[in-house]
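Structural characterization, general
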Amino acid sequence: MMKRVSRLEWFGLLYAIILLFLLNLSLQVSFLNIVIIGIAVIIYKYGSPIMFKEYEEKRKKKLNDSQVIKDAAREVLASGKLFKK
């Protein structure tokens, strides 16, 4: 069972990977790039919802609101009531 990783640990891992990437710019080791990309994907998939929780909630709310408006506009256009007098 995977233990719950805190927000601080995700940020620490993210900063470590950024430093490793910057170091690898000078070392130019191809295998290290593969490792960095793999860890970055893991951070994106599992760490992003924890690190950026508030942002994700706001984004989901905006997407929900825009979907409601889109559905309402589609309904009005389909009914033909918009241009009738």
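Residues numbered from 1 in each chain as written. Predicted model: local features only at pLDDT ≥ 70, side-chain atom pairs only at ≥ 80, totals over all residues. Heavy atoms only, no water.

Here the focus is the confidence of the model for the chain. Of all residues in the chain, 92% attain a pLDDT of 70 or more, and the chain-wide mean is 85. Ranking the elements of the chain by mean pLDDT puts helix H2 (residues 30–51) last with 87 and helix H3 (residues 53–79) first with 90. (pLDDT = per-residue confidence, 0-100. Helix = DSSP H or I, 4+ residues; strand = E, 2+ residues; numbered from the N terminus.)

Time to look at the side chain of Glu-56. Along the chain, Glu-56 turns up in helix H3. With relative accessibility at 19%, the residue Glu-56 sits in the buried group. In this structure Glu-56 touches Ser-48 and Pro-49, once residues within four positions along its chain are discounted. (Buried < 20%, exposed > 50% of the residue type's maximum accessible area, 1.4 Å probe, protein only. Contact = heavy atoms within 4.5 Å.)

What follows covers the packing of aromatic side chains. As enumerated under the stated definition, the model contains 2 aromatic pairs in all. When the centroid spacing of 6.3 Å and the interplanar angle of 25° are considered together, the rings of Phe-11 and Tyr-15 count as stacked. With Phe-11 and Tyr-15 both in helix H1 (residues 7–27), this residue pair falls 4 residues apart, about one helical turn. Seen from their ring centres, Phe-11 and Phe-52 are 5.9 Å apart, and the 85° between their planes marks the pair as edge-to-face. Pair noted here: Phe-11 is in helix H1 and Phe-52 is in the loop between H2 and H3, with a separation of 41 residues, a long-range link. In textbook terms, an aromatic cluster arises when at least three aromatic residues are bridged by ring pairs, as seen for Phe-11, Tyr-15 and Phe-52. (Phe/Tyr/Trp six-rings, centres within 6.5 Å; stacked < 30°, edge-to-face > 60°.)

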